[in-house]
Amino acid sequence: MAMSRNEIFKDVQEILVDALGVDDDEVTTEATLTGDLGAESIDFLDIVFRLEKTFGIKIPREELFPAESLMNNPEFINNGKFTEKGLNELREKIPHTDLSTFQNDPDINKLGNLFTVGAIVKYVETKLNAA
Amino acid sequence: MSLAVSGRIAKSKPAVNFNEMRWIWIDKFVEFHSGKSAVAVKNVTLAEEHLHDHFPGFPVMPETLMIEAMAQTSGILVGEAKKFKEKVILAKIKKAVFFDYIKPGDTIKLEAQIESITPEGASTTGKITCADKIIAEIDLMFSHIDQNLAGKKFPDENFVFTDTFESLLRDVLLSGASPSEPGSEQN
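Residues numbered from 1 in each chain as written. Chains lettered and ligands numbered in written order. Predicted model: local features only at pLDDT ≥ 70, side-chain atom pairs only at ≥ 80, totals over all residues.

J.: What am I meant to see in the overall build of chain B here?
T.: When helices and strands are counted, chain B shows two helices and six strands. Mapped from its N terminus to its C terminus, chain B presents α and β elements in the order β-β-α-β-β-β-β-α. Here chain B holds 187 residues, and the buried ones make up 32% of them. Sequence-distant contacts, at least 24 apart, represent 69% of the contacts inside chain B between residues at least 6 apart. (Helix = DSSP H or I, 4+ residues; strand = E, 2+ residues; numbered from the N terminus. Buried ≥ 20, exposed ≤ 12 C-beta atoms within 10 Å, placed from the backbone. Contact = placed C-beta atoms within 7 Å.)

If you want it as structure tokens, here you go:
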């Protein structure tokens, strides 16, 4: 039987509590991984490994948290901000994130804010439904 | 494996000669299954000076050094999986739980397993036992630092895996099976 979004959220919450040493009430849908939950670079790999194990899915490099391939492309980034082309690339590459606020001020330093708990839940849901 | 060195690697050559750094907290490997698992042993002795201070009259192996010993066991396992081409650095202690003391005269067994490994890094699980009694459970994350997303550059020389570590693998190598052959077992 397919998992409900709430069931996925509960598992994701547990993963983040273990991986980041945060309390479960801090892990809300809107919480950002870096800003609110204090995730550092190695934590992203840890989270990917834990998601793969818990949900039995395979997460290709740069699929859940793309950064490198976008940052190094001058067509996508100009003056520290995403270009329209870059934003389109984001929409295509990370449909699990909510770009509605970000697109008003697409500063690359704010890219981390897109990676919320809700985005992970949405990503896992898409993955499980595709399987 | 020098695991706390990332801050010092600013110049083209490491500030410390890692080949001369005697910082080894396991004695030898007794089992090695490439890319999967490894078992190392360490004999703890009062000849280790720090035991006289940790603690006076009550010498026990510091938990921090148990973590280091496990980091070396797991780290060599992770390094060998990529033929020692990657610089493998301890990046995160996921879990470290201690159940009992280790005293001089004890022989400890460190068992490590690779849980996941990708181009960016690896996660491992491990346990330390002494005469089949559980001493510690230590799960770690390693980073392949040349693959880091920040694109930071490190020296070409692999300062993590130096000659110093060769002797540790000698027994498993001499017993006929290459450590890179999966499924070979030695005791």
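J.: In this structure, what is going on with the interface of chain A and chain B? I would like to understand it.
T.: Put simply, an interface is often sized by how much accessible area is lost when its parts join up. Every contact between the two is made by nine residues of chain A and, on the other side, 13 residues of chain B. The element best represented in the side of chain A that touches chain B is helix α2 (residues 41-55) of chain A, accounting for six residues. When grouped by side-chain class, the residues that make up the side of chain A that touches chain B number four nonpolar, one polar and four charged. (Nonpolar A, V, L, I, M, F, W, Y, C, P; charged D, E, K, R; others polar.)

J.: Hey, could you run me through the packing of helix α1 (residues 5-20) of chain A against α2 of chain A in this one?
T.: Packed helices, taken two at a time, are described by the angle their axes make and the gap between the axes. Residues and elements named next belong to chain A. Where α1 meets α2, the axes come as close as 10 Å, and the angle between the chain directions of the two elements is 140°. Classified by the interaxial angle, the pair formed by α1 and α2 is oblique. Between α1 and α2 lies a crossing of right-handed hand. Contacts from D11, I15, A19 and L20 of α1 reach α2 at D43, D46, I47, R50, L51 and T54. Split into classes, the residues belonging to the contact of α1 with α2 amount to five nonpolar, one polar and four charged. (Axes fitted to C-alpha atoms, helices over the stretch in contact; angles between N-to-C directions. Parallel < 35°, antiparallel > 145°, perpendicular 65-115°, else oblique. Left-handed = near helix turned anticlockwise from the far one by under 90°.)

J.: Looking at this model, I keep getting lost on the packing of α1 of chain A against helix α5 (residues 117-130) of chain A. Mind explaining?
T.: Residues and elements named next belong to chain A. Orientation of α1 relative to α5, taken along the N-to-C sense of each, is 125°, at an axis distance of 9 Å. Taken together, α1 and α5 sit at an angle that is classed as oblique. Taken as a pair, α1 and α5 cross one another with a handedness that is right-handed. Of α5, the residues touching α1 (which contributes R5, I8, F9, V12 and L16) are V117, I120, V121, V124 and E125. The residue makeup of the contact of α1 with α5, split by class, is eight nonpolar, no polar and two charged.

J.: What am I meant to see in α1 of chain A here?
T.: One turn of an α-helix holds 3.6 residues; hence residues three or four places apart share an orientation. Residue and element names in this part refer to chain A. The end-to-end C-alpha separation of α1 is 22 Å, in line with the 22 Å expected for 16 residues at 1.5 Å each. The set of residues buried in α1 consists of I8, F9, V12, Q13, I15, L16 and A19. Down the axis of α1, the smallest arc covering the buried residues is 165°, so these residues share one side. (Expected span 1.5 Å × (residues − 1). Arc of directions from axis to C-beta.)

J.: Is there a simple way to think about the environment of V117 of chain A in this case?
T.: All names here are of chain A. Secondary-structure assignment places V117 in helix α5. Here V117 falls in the buried class, since 21 other C-beta atoms lie within 10 Å of it. Linking V117 and S41, residues 76 residues apart in sequence, is a C-alpha distance of 16 Å.

J.: Quick question: what am I supposed to make of the nonpolar core here?
T.: Where a protein is soluble and globular, its nonpolar side chains tend to be buried together. Formed by 63 residues in total, the largest nonpolar core has its most connected members in V12 of chain A together with M70, L110, I128 and F142 of chain B. Here the element with the most residues in this core is helix α1 (residues 63-81) of chain B; it accounts for eight residues. Not counting chain neighbours up to four residues away, the residues in contact with M70 of chain B comprise L110, A112, G126, I128, I138 and L140 of chain B. (Core = buried A, V, L, I, M, F, W, Y, C linked by C-beta atoms within 7 Å.)

J.: Teacher, can you tell me more about the confidence of the model for chain B here?
T.: Any residue range with low pLDDT should be treated as having predicted coordinates unsuitable for detailed reading. Residue and element names in this part refer to chain B. Overall, the prediction assigns chain B a mean pLDDT of 84, with 80% of residues at 70 or greater. Predicted confidence for residues 181-187 stays below pLDDT 50, and this span has 15 contacts to residues more than four positions away or in other chains. The ipTM assigned to the predicted complex is 0.84, against a pTM of 0.84. (pLDDT = per-residue confidence, 0-100.)

J.: Would you take a moment to explain the sheet that holds strand β2 (residues 37-43) of chain B for this structure?
T.: As a general point, the strands of a sheet are linked pairwise by backbone hydrogen bonds and lie either parallel or antiparallel. All names here are of chain B. Overall, antiparallel pairing links the six strands, which are arranged β1-β2-β4-β5-β6-β3 in an open sheet. Looking at the sheet topology across the chains shown, the edges are occupied by β1 (28-33) and β3 (88-98). Between one strand and the next, the sheet's axes are offset by a mean angle of 20°, whatever the strand orientation. Direction of pairing for strand β5 (residues 121-130) relative to strand β6 (residues 133-144): antiparallel, over a ladder of eight bridges. By the bridge assignment for β6, A122 is matched with F142. Along the sheet face, α1 touches β2, β3, β4 (107-117), β5 and β6 and points at about 50° away from the line of β4. (Pairing = 2+ DSSP bridges.)

J.: I would appreciate a short explanation of the confidence of the model for chain A in the present structure.
T.: Scored by pLDDT, chain A has a mean of 91; 99% of the residues are at 70 or more. Averaged pLDDT values for the elements of chain A fall to 76 in helix α3 (residues 68-71) of chain A and rise to 97 in α1 of chain A.

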